[in-house]
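What follows is each chain in one-letter form.
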Amino acid sequence: MNLNVEALREEVAAVAARLIAESGLDYASAKQKAVRQIFGASGVPRGVVPDNETLDEALREHLDLFDPQHASRLNRRRELALELMEKLAPFKPYLTGAVWKGVVAEHAPIHLQLFHDNPKDVEIELLNRGVSFEVGTAPSFRQASVDVETLGFWYRREPVLLSLYAEDDLRGALRVASGELPQRGDRAAVQARAAA
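Residues numbered from 1 in each chain as written. Predicted model: local features only at pLDDT ≥ 70, side-chain atom pairs only at ≥ 80, totals over all residues. Heavy atoms only, no water.

## Focus on the packing of helix α4 (residues 70–87) against helix α8 (residues 187–195)
For any two helices packed against each other, the geometry is given by the interaxial angle and the distance between the axes. Rules: In this analysis an axis means a line fitted to C-alpha atoms, helices contributing only their contacting stretch, and an angle means the value between N-to-C directions, from 0 to 180 degrees. Labels follow the DSSP assignment, with helices taken as runs of H or I lasting at least four residues and strands as runs of E lasting at least two, numbered in each case from the N terminus. Oblique is the label for any angle not under 35 degrees, not over 145, and not in the 65 to 115 range, which are roughly parallel, roughly antiparallel and roughly perpendicular in turn. Crossing handedness is defined as follows: a turn of the near helix away from the far one that is anticlockwise and smaller than a right angle gives a left-handed crossing, while the clockwise case is right-handed. Contact definition: two residues touch when any of their heavy atoms are within 4.5 Å.
Between α4 and α8, the least distance of the axes is 10 Å, while the angle of their chain directions is 160 degrees. Considering the angle they form, α4 stands roughly antiparallel to α8. Considering how the two elements wind past one another, α4 and α8 form a crossing that is left-handed. For the pair α4 and α8, contact is made by Arg78, Leu82, Met85 and Glu86 and by Arg187, Val190, Gln191, Arg193 and Ala194, respectively.

Encoded structure:
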């Protein structure tokens, strides 16, 4: 039987996009669940798991078709991201994730990466502003096997996630390989995206 790998990859991406939009799953979990739903316990054909760029496109299509609130949600979260970035400017904030890419499902937080050598300073700043937050961890963008501290909270009824990095990590964060899109942006870059 000759499998059309490209069609299967698009099907996995579409199912994963629906799971992200409806259930708030992260990309890796959504891909795994989509593969299980489509192929069950049988072997997965080589090359059918989509990369994140393909999944971004599938999610964008899903949101355009099935989520009439997507554009207003994106604009609102980018405005709030800019506001938070101004308030957290001493910690060198960069926007990343769904709000940066413009594919904001309902559960997607405003994800800011802060680059400062003392995470406690960030926590004290939030506490001084009366922000109640939950501390967690997430894989580092530099090395997936290493976790960084995260702070999650609600800001004007929108979810926010802060990932706390050392200041030296900023150098590697801004490198973009030829042909790739940037994975994060500072306040000026976010303003440019919001204006576009």
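## Comments concerning the nonpolar core
Here is the rule: We call a set of buried residues a nonpolar core when its members are Ala, Val, Leu, Ile, Met, Phe, Trp, Tyr or Cys and they connect through side-chain atoms within 4.5 Å of each other. Exposure classes here rest on a 1.4 Å probe applied to the protein chains alone. A residue is buried below 20% of its type maximum, exposed above 50%, and partly exposed in between.
Residues Leu95, Ile110, Leu112, Leu114, Leu126, Phe153 and Leu162 are the most contacted members of the largest nonpolar core, which totals 28 residues. Counting residues per element, the ones that place at least two in this core are α4, α5 (97–101), β2 (110–115), α6 (119–128), β4 (147–155) and β5 (158–165). Take this core: its biggest share by element is 6 residues, from α4. Aside from chain neighbours lying at most four places away, what touches Leu126 is Leu88, Val131, Phe133, Leu151, Phe153 and Leu162.

## What to know about the pairing of strand β3 (residues 134–139)
Rules: Any two strands with at least two DSSP-identified bridges between them are counted as paired.
Counting buried positions along β3 yields 0 of 6 residues, so the element is predominantly exposed. By the bridge criterion, 6 bridges tie β3 to β4 in an arrangement that is antiparallel. Bridging across to β4, Ala138 finds its partner in Val148.

## A look at the packing of aromatic side chains
Stated precisely, the cut-off is as follows: Pairing of aromatic side chains here covers Phe, Tyr and the six-membered ring of Trp, requires ring centres within 6.5 Å, and sorts the geometry by plane angle: under 30 degrees stacked, over 60 edge-to-face, intermediate tilted.
Following the criterion strictly, the structure yields 4 aromatic pairs and no others. Here Tyr94 and Phe115 contribute two aromatic rings whose centre-to-centre distance is 5.8 Å and whose plane-to-plane angle is 85 degrees, an arrangement assigned as edge-to-face. With Tyr94 in strand β1 (residues 93–96) and Phe115 in strand β2, this pair connects stretches of sequence that are 21 residues apart. Assigned by exposure class, Tyr94 and Phe115 land together as buried.

## Comments concerning the pairing of β2
Here β2 lies mainly inside the structure; 6 of its 6 residues are buried. By the alternation rule, side chains of β2 split into Ile110, Leu112 and Leu114 and His111, Gln113 and Phe115, which are all buried. Across 4 bridges, β1 lies against β2 in antiparallel orientation. Along β2, the bridge assignment pairs Pro93 with Leu114. Sheet topology places β2 next to β5; 6 bridges connect them, and they run parallel. Bridge assignment links His111 to a residue of β5, and that residue is Leu161.

## Brief notes about α6
To keep things clear, this is the line we draw: Note that the arc is defined by the directions from the helix axis to the C-beta atoms. Residues adjacent in sequence count toward polar contacts only when both atoms are side-chain atoms; beyond that, a polar contact is any pair of N or O atoms within 3.5 Å, and within protein one must be able to donate a hydrogen and the other to accept it.
Of the residues making up α6, those classed as buried are Val122, Glu123 and Leu126. Burial along α6 is one-sided: seen end-on, the buried residues are contained in an arc of 100 degrees. Exposed side chains of α6 directed beyond 90 degrees from the buried face belong to Leu127 and Asn128. Each element contacted by the buried residues of α6 is listed here: β2, β3, β4 and β5. Of the residues flanking the start of α6, the one acting as N-cap is Asn118, its side-chain oxygen 3.0 Å from the backbone nitrogen of Lys120. Of the residues one or two after α6, Gly130 is the one with positive phi, at around 80 degrees.

## Concerning the environment of Arg171
Along the polypeptide, Arg171 turns up in helix α7 (residues 169–173). A relative accessible area of 59% means that Arg171 is categorised as exposed. A sequence separation of 56 residues divides Arg171 from Phe115, and the C-alpha atoms of the two residues are 10.0 Å apart.

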